[in-house]
Every structure is written in structure tokens, then in C-alpha cells.
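# Descriptive structure summary
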Amino acid sequence: YKWNPTSDVDLHIIIDVKEKICDEPVQDFLDLKSKLFNKQHNIFIKGYKVEVNMKDKEVQLKGKGIYDILKDEWVVEPTPVTRTPKDPEVIKKAEKFQKKIDMILARKGSLEEVEEIKKQIKEMRVNSLQKEGEYSVGNLAFKVLRNSGYLGKIFDYKAKLVDKSLSLESFKTFFTR
């Protein structure tokens with residue numbers, strides 16, 4: 001019901017996993033494969049970017065439509081949008097996290113601080129999706145953070161911190177006894 005220039009089509013491919021194949025959760029593997037596929041491919045439907053997600057099961061969210069492309073029919077019809085990213089509650093929640101991210105970056109915060117804010121953002125989104133569905137304040141605030149580049153900023157900063165922690169300053173002192 002609510003398409004905009006940043007909208008995409010989420011194509012969920014449900015994989016029937018019959019047996020445990022490793023100690024790690026299968027969904028972790030499917031998430032990695034999905035990310036790799038999306039990075040390597042640019043697929044569009046009617047001008048909208050397609051984001052492929054492989055899953056071992058589908059989660060039905062309040063208000064979320066599900067369309068079966070193989071049968072060409074709605075499994076669950078979407079419900080009209082009740083909230084948008086411009087909702088004052090959404091803006092307030094997103095700005096709260098934007099300020100926290102700006103503070104971490106400005107004072108060159110620790111990896112632990114980065115992990116904590118990422119955890120808070122993830123919990124905000126997951127909890128709100130479970131309680132209120134697709135158009136919940138937390139999920140829309142997450143989308144504002146993603147579309148405004150704030151998630152990218154914190155992920156890039158984390159990558160720099162990890163790279164630095166894994167790098168050696170001097171091979172000479174490392175290899176001499």
C-alpha cells in the first residue's frame with residue numbers, strides 16, 4: 001500500500017530443511033548466502049529492486065502481505081498502512097539512535113559500545129515487528145536509520161575497529177625473539 005523511491009521487493013525463498021547439517025543455525029548460513037547473492041546481482045520487478053532472502057520458515061507479521069509468485073496469488077493480502085516514516089514517534093525514536101551513533105563516532109567509541117548500539121537497534125526492530133508488525137514505530141525507525149545512512153556509518157566504523165584490532169603494527173617485534 002505504501003511504495004516510495006526507496007522501496008524494494010522482498011522475495012523470500014523458503015527452503016525445506018529436513019535434517020540438521022551443521023552445528024551453526026541453518027538460518028545463519030541462508031542469511032549469508034542471501035547477502036552474497038544480493039551483492040552480486042541487481043534484479044528488478046517493475047522498476048523496484050528485488051532483495052532475495054532465503055529462509056527455513058516464513059514469519060507472518062501483522063499487516064504484511066504475502067504473495068506466492070509460483071501460484072500467482074495472494075496467500076495473505078496486505079492491510080492498509082497506518083503509520084509512515086514521517087510519524088512524529090518514528091522520527092523521535094530514529095533521532096534518539098542517530099544522536100547515540102553520532103556521539104560514539106565523535107568520541108571514537110569502543111567496539112563494545114558499537115556492539116551495544118547495534119544490539120539495541122536490533123532488539124527495537126525485532127520487538128516492534130513481533131508486537132505491531134511491518135508498520136510499527138521500531139521497524140520504521142530502523143528503516144529511517146538505514147535509509148539515512150546511519151546504519152552504514154556504524155557498520156563501517158565497526159569494520160575499522162575490527163580491522164585495527166586484527167592488524168599488527170610491527171612485524172619486526174612480532175617475529176623477533
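## With respect to the sheet that holds strand S2 (residues 44-45)
Adjacent strands of a sheet pair through backbone hydrogen bonds, lying either parallel or antiparallel. As summarised here, the arrangement of the three strands in space is S1-S3-S2, forming an open sheet in which the pairing is mixed. Only two strands of the sheet have a single partner each, and these edge strands are strand S1 (8-14) and S2. As defined by bridge partners, S2 adjoins strand S3 (residues 48-55) across two bridges and the pair is classed as antiparallel. Across the sheet, residue isoleucine 45 finds its bridge partner in S3, namely tyrosine 48.

## Considerations on the confidence of the model for the protein
Chain-level statistics for the protein give a pLDDT mean of 87 and a share of 88% at 70 or above. Between the elements of the protein, mean pLDDT differs from a low of 60, seen in helix H6 (residues 171-175), to a high of 97, seen in helix H2 (residues 88-106).

## Quick notes on the pattern of salt bridges
Inspection of every chain in the model, using the stated rule, returns four salt bridges. With a closest N to O distance of 3.2 Å, glutamate 132 and arginine 83 form a salt bridge. Remark: arginine 83 occurs in the loop between strand S5 (73-76) and H2 and glutamate 132 occurs in helix H3 (residues 111-132); sequence separation between them is 49 residues. Glutamate 132 sits in the partly exposed class, given a relative accessible area of 37%. Taking the shortest distance from any N to any O, the salt bridge between lysine 143 and glutamate 134 comes out at 3.6 Å.

What counts and what doesn't
Residues numbered from 1 in each chain as written. Predicted model: local features only at pLDDT ≥ 70, side-chain atom pairs only at ≥ 80, totals over all residues. Heavy atoms only, no water. Pairing = 2+ DSSP bridges. Helix = DSSP H or I, 4+ residues; strand = E, 2+ residues; numbered from the N terminus. pLDDT = per-residue confidence, 0-100. Salt bridge = Lys/Arg side-chain N within 4 Å of Asp/Glu carboxyl O. Buried < 20%, exposed > 50% of the residue type's maximum accessible area, 1.4 Å probe, protein only.

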